[in-house]
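What follows is each chain in one-letter form.
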Amino acid sequence: MAHSKARATDGKVTYPPGVKEISDKISKEEMVRRLKMVVKTFMDMDQDSEEEKELYLNLALHLASDFFLKHPDKDVRLLVACCLADIFRIYAPEAPYTSPDKLKDIFMFITRQLKGLEDTKSAQFNRYFYLLENIAWVKSYNICFELEDSNEIFTQLYRTLFQVINNGHNQKVHMHMVDLMSSIICEGDTVSQELLDTVLVNLVPAHKNLNKQAYDLAKALLKRTAQAIEPYITNFFNQVLMLGKTSVSDLSEHVFDLILELYNIDSHLLLSVLPQLEFKLKSNDNDERLQVVKLLAKMFGAKDSELAAQNKPLWQCYLGRFNDIHVPIRLECVKFASHCLMNHPDLAKDLTEYLRVRSHDPEEAIRHDVIVSIVTAAKKDLSLVNDALLNYVKERTLDKRWRVRKEAMMGLASIYRKYSLQGEGGREASKQISWIKDKLLHIYYQNSIDDRLLVERVFAQYMVPHNLETTERMKCLYYLYATLDTNAVKALNEMWKCQNLLRHHVKDLLDLIKKPKSEASNKAVFAKVMVITRNLPDPGKAQDFVKKLAQVLDDDERIRDQLETLVSPACSCKQAEVCVRDITKKLGSPKQPSNPFLEMVKFLLERIAPVHIDTESISALIKQVNKSIDGTADDEEEGVPTEEAIRAGLELLKVLSFTHPVSFHSAETFESLLGCLKMDDEKVAEAALQIFKNTGSKMEESFPHIKSVLLPVLQAKAKRGPPRQAKYAIHCINAMFSNRDTHFAQIFEPLHKSLDTANLEQLITPLTTLGHLAQLAPEQFAAPLKSLVANFIVKDLLMNDRIPGKKTTKLWVPDDEVSPETMAKIQGIKLMVRWLLGVKNNQSKSGNSTLRMLTAILHSDGDLTEQGKMGKPDMSRLRLAAACALLKLAQEPCYHEIITLEQYQLCALVINDECYQVRQCFAQKLHRGLCRLRLPLEYMAVFALCAKDPVKERRAHARQCLVKNVNIRREYLKQHAALSDKLFSLLPEYVVPYTIHLLAHDPDYVKVQDIEQLKEIKDHVLVCFYDDAQAATDPKTNEKLYTVCDVAMHIIMSKSTTYSLESPKDPVLPSRFFTKPDKNFSNTKNYLPAEMKAFFTPGKPKSANVLGAVNKPLSSAGKQLQSKASRMETTSNDSSSNPGSPQRSKSR
């Protein structure tokens, strides 16, 4: 160094030819001119020019003096930097500068000049580029490795390059920068944390978004130097993640962002870091675990990520976080599932079980997001989700939270529309999700009005979109209806029925509003408002809104007219859309974007607007049915056999004829239905007859040409058609023709005269027809009917067994195997009952004699003559017919009054019949009569006897029937608050005395103190005790009653918290069933054996629905009875296996 300085001081500086001395004595312009010549000289030199190198050594030293390095002019500094860069090239590998301080000054100087690269439009840009290219090519900065301050130099260089890079730079600039920086990392001994931070900071999202070019530069640099820089990256993460030394770097708070970026750049950069994440997933710190889960969700879920396959322990550890105790972590995992399913279908099997558990998570938000994740993936591609995942969504349609149920329903609806309606995934996809349509409609059975409204919306928008063109819409509805399961069909029918009922309520409200104002009319309006309110979400709030709507309708004639058009039976679908739009526009306000009143009105309009069915739609639907009949429809293509399609189409038309009868009033429709009557398929003809019955009220005046053709067909069907068609033909004539008596007579006379037991098969249709004529026109045929019943039906038909029945152990056979004689007897029983129901009085005592006949059939197990000729299946059929006949008569007040307690008990015991099908059919008939509020309350107690049924499904059905009946009666009382005088016949709690009575008179309850029998009774009873009116003086009967009541009292005390409170009123008991209590008599005796008391559950009282408790533990009774050896049917009744049945006692 001393030698150099000596030469620089003592020796004269030699300049290139033509260049004079460069000093502070010349102007800037001259200095620049001379420096350019020096630059040219150094540029042209190469490393082999030894003489020139020696010649210009002093010049090289002179250019590194502070005079130049600190010169104020940027052009001078740039030219000097270019010279210095060339000097390093020429004198490599030994630079002429040996002082560490001088070298630091020079390289810091060159770094500062590189800032000029920022302005790509500068006149000097090419010279700045030359500078960059030169130092990158020569790797000039590698000289600094030996300097103490090398880190400062390199860090400053990196910062400068990352600052100046921009989108104006071409690929060459980018490449030289990477070359320059990568040589420092790859050829140096170490990478300091400060230098590493300078690179990594560009990956942090905030910086990345500010300078995308710097991010790309850092990314290219890391890819180039991955192997060399990896140990330093690992050390950094180890310090922060494992040792918690966040002070080592300002980037410590961004470690998880950096891991994600580095993984996306080159996964090899994190080979040693990923195991540290597994450790962090098990951290005790919730926030830390959450951060790692968020990070790994992005890493595992990225489209081309192979991390799950490459690092299975980490994947398994991550899956474990689905069950984390911290809610946000579970939520994050569930959200990740969607991306994972879409980007990595192969991982679906790993996720399935974890999503199942989370679909039952106690947190609503998590259950909701499970649905969102699965549905999002399914909507992208159905093959991404397996059946199990779709099943989790199906389960959530019954979630306790509305938000979750709604998401599940809407998710399934959108999947159905995409793959089934629009057919995007082909036939296989459509087949895979064919269950969705049924499931969505099943939800209509839920009690929540929100669920029902959503089903209606889903049906109108996703299943049969109302905006489709009429023909397409009806085709869609036609094939949907044909492929629905039985329960879904019932739900859809119920939906149309409810909408139609609400339309009638709104129409009634409009009629009431138009009436003159009075107190009575105001009360009527309020009552109707309350009814409409119950058909809307959140009835509490809706009540005020419906009142407001009623006021608006009263004030605004235009809105009233629009609404009248909407609820008119003749309103078309297009008219409905216009009315809805106009009403909402009139009630809406731009100043009030959130308008709860308008939302409620929209809900109401949505329910009552006929968006699917009008005259044009029915015509299109009939044409679709005709296409199937003609064989020109796409039935097979739609996956529906033609016969099924026709039958379903007629069933659909039949349902619509109830709800939209006016829409059928067109000649084209009626002519098509006439064609259906002539078809061989009995079901099709039946449906057509029912449609005529429902829609043909104005046929005589509006369509006389149809009437003239139809009447002979109906008469023929009534006389010679199948029994069901004969029934509907009679009802058609009754509904459609004004001179029905004449037509009835033309049918009655020949049938009455031709009755003959010689040909039993030919007897069934005439008996059916005569039965319905007897019900519809009892007075017209009063005399012949009485004679017919007494002589032919009872004496000739029922009291004789002509053909011996088949000997079989079966208790039931299919309809087509039942003997014609039995079928004729059943129709004879029905004829008697229909005649009585038509007469509606018991003046001739015919009701008493019929009831005796029916109970005789039950007493004799169905074999009225007791000659032993009848087969067991025939006896079962007749027992069922007699029991159902009793139920029918009990629905008519004049006959209910004359049914004795013994007859009532005998009828009730049919629910314990030995034949499963008898029990099943009887329970259905019983339930139907109770639901319609036609059967008296005591018949609800019959379900308590179902506890003996050994078949679990039958016991469950009984429980459901009880619950439904309780709800129906309570709802009815809510809507008819004025019926307080009928409270005892409607309030479900009053069924308890009847239940006690039935159980106390159960023929199987023989031993009063028998523990097993008392355990059965314990499971079903809740009442207090009174003397029995049926056997008031019989000590044993009353002892049984008292014992049952003791059971009830113990249940009450174990279940209720209010049993000891004073009753505000004396209990009211039915006088037919119980005697009046003697107020001076107090029965304090305990009738239960001591060991029985142990079976009552002690502990904390629970609030229990009285009737729910009556039928709660049904299983024990069933199991108990299965051990009885007497007449138990536990094998097959028919060709299929038959469930067991409880004992029938002849003692009754």
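Conventions used here
Residues numbered from 1 in each chain as written. Predicted model: local features only at pLDDT ≥ 70, side-chain atom pairs only at ≥ 80, totals over all residues. Heavy atoms only, no water. Helix = DSSP H or I, 4+ residues; strand = E, 2+ residues; numbered from the N terminus. Buried < 20%, exposed > 50% of the residue type's maximum accessible area, 1.4 Å probe, protein only. Contact = heavy atoms within 4.5 Å. Areas by Shrake-Rupley, 256 points an atom, 1.4 Å probe, with all protein chains shown as cover. Polar contact = N/O pair within 3.5 Å; in protein donor to acceptor, adjacent residues only side chain to side chain. Phe/Tyr/Trp six-rings, centres within 6.5 Å; stacked < 30°, edge-to-face > 60°. Lys NZ or Arg CZ within 6 Å of the ring centre and 35° of its normal. Patch = residues over 30% accessible without salt bridge, like charges linked within 9 Å, V, L, I, M, F, W, Y side chains within 5 Å. Salt bridge = Lys/Arg side-chain N within 4 Å of Asp/Glu carboxyl O. Lys, Arg positive; Asp, Glu negative; His and termini not counted. Charge placed at Lys NZ, Arg CZ, Asp CG, Glu CD. Core = buried A, V, L, I, M, F, W, Y, C linked by side-chain atoms within 4.5 Å. Expected span 1.5 Å × (residues − 1).

## As for the overall build of the protein chain
So, step 1. When its secondary structure is counted, the protein chain shows 57 helices and zero strands.
So, step 2. Looking at the protein chain as a whole, 53% of its 1148 residues qualify as buried.
So, step 3. Considering only residue pairs separated by 6 or more positions, the protein chain has 73% of its internal contacts joining residues 24 or more positions apart.
So, step 4. When the accessible surface of the protein chain is summed, it comes to about 52,600 Å², and 50% of that surface belongs to carbon and sulfur atoms.

## Thoughts on the side chain of Ser-521
So, step 1. Note that Ser-521 resides in helix α30 (residues 519–533).
So, step 2. Judged by its relative accessible area of 9%, Ser-521 is buried.
So, step 3. At 2.8 Å, the side chain of Ser-521 and the backbone nitrogen of Ser-518 are in polar contact.

## Thoughts on the packing of aromatic side chains
So, step 1. Counted under the stated rule, the structure contains 23 aromatic pairs.
So, step 2. Seen from their ring centres, Tyr-478 and Tyr-479 are 5.0 Å apart, and the 70° between their planes marks the pair as edge-to-face.
So, step 3. For Tyr-478, a relative accessible area of 0% translates into the label buried.
So, step 4. Here the aromatic rings of Phe-748 and Phe-781 are separated by 4.0 Å at their centres, their planes lie at 10°, and the arrangement is stacked. Residue Phe-748 is located in helix α42 (residues 740–753), and its partner Phe-781 is located in the loop between α43 (764–776) and α44 (782–798); the two are separated by 33 residues in the primary sequence. Exposure class is identical for Phe-748 and Phe-781. Each is buried.
So, step 5. Taken together, the aromatic side chains of Phe-300, Trp-315, Tyr-318, Phe-322, Phe-336 and Tyr-354 make up a single cluster linked through ring pairs.
So, step 6. Stacked on the ring of Trp-435, the Lys or Arg Lys-394 has its end atom at 5.0 Å from the ring centre.

## Considerations on a positive patch on the surface
So, step 1. Taken together, the side chains of Lys-490, Lys-830, Lys-888, Lys-925, Arg-928, Arg-932 and Arg-934 make up a positively charged region of the molecular surface.
So, step 2. When its relative accessible area of 37% is taken as the criterion, Lys-830 is described as partly exposed.

## Regarding the nonpolar core
Side chains of nonpolar character tend, in soluble globular proteins, to be buried together.
So, step 1. One finds Leu-84, Tyr-141, Phe-237 and Tyr-318 to be the most contacted residues of the largest nonpolar core, which totals 312 residues.
So, step 2. Of all the elements, helix α6 (residues 74–91) adds the most residues to this core, at 13 residues.
So, step 3. Apart from the residues within four sequence positions on either side, Tyr-141 is in contact with Phe-107, Ile-110, Thr-111, Leu-114, Ile-135, Ile-153, Phe-154, Leu-157, Leu-180 and Ile-184.

## Considering helix α27 (residues 449–463)
An α-helical turn contains 3.6 residues, so any two residues separated by three or four positions project in the same direction.
So, step 1. Helix length check: α27, at 15 residues, gives a terminal C-alpha distance of 20 Å against a target of 21 Å (1.5 Å per residue), a fit within 8%.
So, step 2. Along α27, 12 of the 15 residues are buried, which leaves the element largely enclosed by surrounding structure.
So, step 3. The complete set of buried residues in α27 reads Ile-449, Asp-451, Arg-452, Leu-453, Leu-454, Val-455, Glu-456, Val-458, Phe-459, Ala-460, Tyr-462 and Met-463.
So, step 4. Lining the buried residues of α27 we find α24 (402–421), α26 (435–442), α28 (470–483), α29 (486–514) and α34 (596–608).
So, step 5. The residue sitting at the N-terminus of α27 and contributing the capping side-chain oxygen is Ser-448; that oxygen lies 3.2 Å from the backbone nitrogen of Asp-450.

## Here's the deal with a negative patch on the surface
So, step 1. Together, Glu-469, Glu-472, Glu-616, Glu-637 and Glu-638 give the surface a local cluster of negative charge.
So, step 2. Mapped onto the secondary structure, Glu-637 falls in the loop between α35 (615–630) and α36 (642–659).

## Topic: the pattern of salt bridges
So, step 1. Counting across every chain of the model gives 46 salt bridges.
So, step 2. When the shortest N-O distance is used, the salt bridge between Asp-44 and Lys-40 registers 2.6 Å. Here Asp-44 and its partner Lys-40 are both found in helix α2 (residues 28–44), four residues apart, which amounts to about one turn of the helix.
So, step 3. Assessed through its relative accessible area of 53%, Asp-44 is described here as exposed.
So, step 4. Look at Lys-40 and you get partly exposed, because its relative accessible area is 49%.
So, step 5. Of the charged contacts, one joins Glu-564 and Lys-514 as a salt bridge, the two residues approaching to 2.5 Å between their closest N and O atoms. Residue Glu-564 is found in helix α32 (residues 557–567), and its partner Lys-514 is found in helix α29; the two are separated by 50 residues along the sequence.
So, step 6. If you follow the salt bridges from partner to partner, you end up with Glu-30, Arg-33 and Arg-34 in one network.

Any functional reading would require information beyond the geometric quantities listed.
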